[in-house]
Amino acid sequence: MTAPLLDIRDLRISFQARDGEWAEALCGIDLSLEPGKVLGIVGESGSGKSIAMMAFLQLLPRGTRVEGSAKFRGEELIGMAPARIRKIRGKAIGCIFQDPLSAFNPVKTLGQQVVEAIRLHDRAISKREALKEAERLFELVAIPQPARRVRQYPHEFSGGMRQRAMIAMALANKPDLLI
Ligand SMILES: Nc1ncnc2c1ncn2[C@@H]1O[C@H](COP(=O)(O)OP(=O)(O)OP(=O)(O)O)[C@@H](O)[C@H]1O
Ligand SMILES: [Mg+2]
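Everything numeric here is computed off the predicted structure, so don't read it as measured data.

**Student:** Can you explain the site of ligand 1? Please cite residues and give values.
**Tutor:** Within the structure, ligand 1 sits among Phe15, Ala25, Glu44, Ser45, Gly46, Ser47, Gly48, Lys49, Ser50, Ile51, Pro61 and Gln98. At 2.6 Å from an oxygen atom of ligand 1 is found a side-chain nitrogen or oxygen belonging to Ser45. At 2.9 Å from an oxygen atom of ligand 1 is found a main-chain nitrogen or oxygen belonging to Gly46. A total of 640 Å² of accessible area belongs to ligand 1 in isolation, and the protein chains cover 58% of it. For the shell around ligand 1, the element with the most residues is helix α1 (residues 49–56), which contributes three residues.

**Student:** Which residues make up the nonpolar core, and what are the values?
**Tutor:** If you look at the biggest cluster of nonpolar residues, it comprises 26 residues, and the most contacted ones within it are Phe56, Phe72 and Leu77. Broken down by secondary-structure element, the contributors of at least two residues to this core are β1 (6–16), β2 (22–33), α1, β3 (65–72) and α2 (82–88). Per element, the largest residue contribution to this core is five residues, and it comes from α1. Non-local contacts of Phe72, meaning those with residues more than four positions away in its chain, are made with Leu5, Leu77, Ile88, Ala92, Ile93, Asp176 and Leu177. Formed by 21 residues, the second largest nonpolar core is a distinct cluster that contains Ala130, Ile143, Met169 and Ala172.

What counts and how
Residues numbered from 1 in each chain as written. Chains lettered and ligands numbered in written order. Predicted model: local features only at pLDDT ≥ 70, side-chain atom pairs only at ≥ 80, totals over all residues. Heavy atoms only, no water. Near = heavy atom within 4 Å. Polar contact = N/O pair within 3.5 Å; in protein donor to acceptor, adjacent residues only side chain to side chain. Areas by Shrake-Rupley, 256 points an atom, 1.4 Å probe, with all protein chains shown as cover. Helix = DSSP H or I, 4+ residues; strand = E, 2+ residues; numbered from the N terminus. Core = buried A, V, L, I, M, F, W, Y, C linked by side-chain atoms within 4.5 Å. Buried < 20%, exposed > 50% of the residue type's maximum accessible area, 1.4 Å probe, protein only. Contact = heavy atoms within 4.5 Å.

So, in structure tokens, the structure goes:
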């Protein structure tokens, strides 16, 4: 048996209300994902699917209480030092966010943002090469006229195209785990 790529045990998330009371939004989930496998999480709207993923990527607001364990290739992500998680997030773990409009920077072109995502993890690649790679990724996710589209801003894309640009960005660093 291979070691799981992702192993989540009793993950709990609580938010603090304005009155200081803690509200448990995720009451303990377990899941295990083997390399090369696909796992779907099903649940009603607001049941905590997104926050479960955001929690171990350390993308929830400061002050959120996250308990339990989430191991990526055996390495604990909960409580991991910010410098270390920044090396993993967007590189070994890619994330396609649910709402691309809030995930993208509105004042930068989509090409610039993919270039930044690539160069954040690989300083050896030039801006020009990274932009070529962004065009290739846009083509891969079936965005027409990629050379023109990389120069556009998020608001100039249709909703579906924005989602595909989000997928292109998540794939940019060839992640081992894609969320
Ligand atoms: N920063 C926050 N502060 C307080 N509550 C939050 C915060 N972020 C999310 N929540 C709450 O946590 C719960 C789970 O939200 P989450 O986004 O994980 O749902 P979901 O299962 O992904 O839903 P959907 O299917 O609609 O995407 C919701 O009740 C939401 O309002
Ligand atoms: Mg969600």
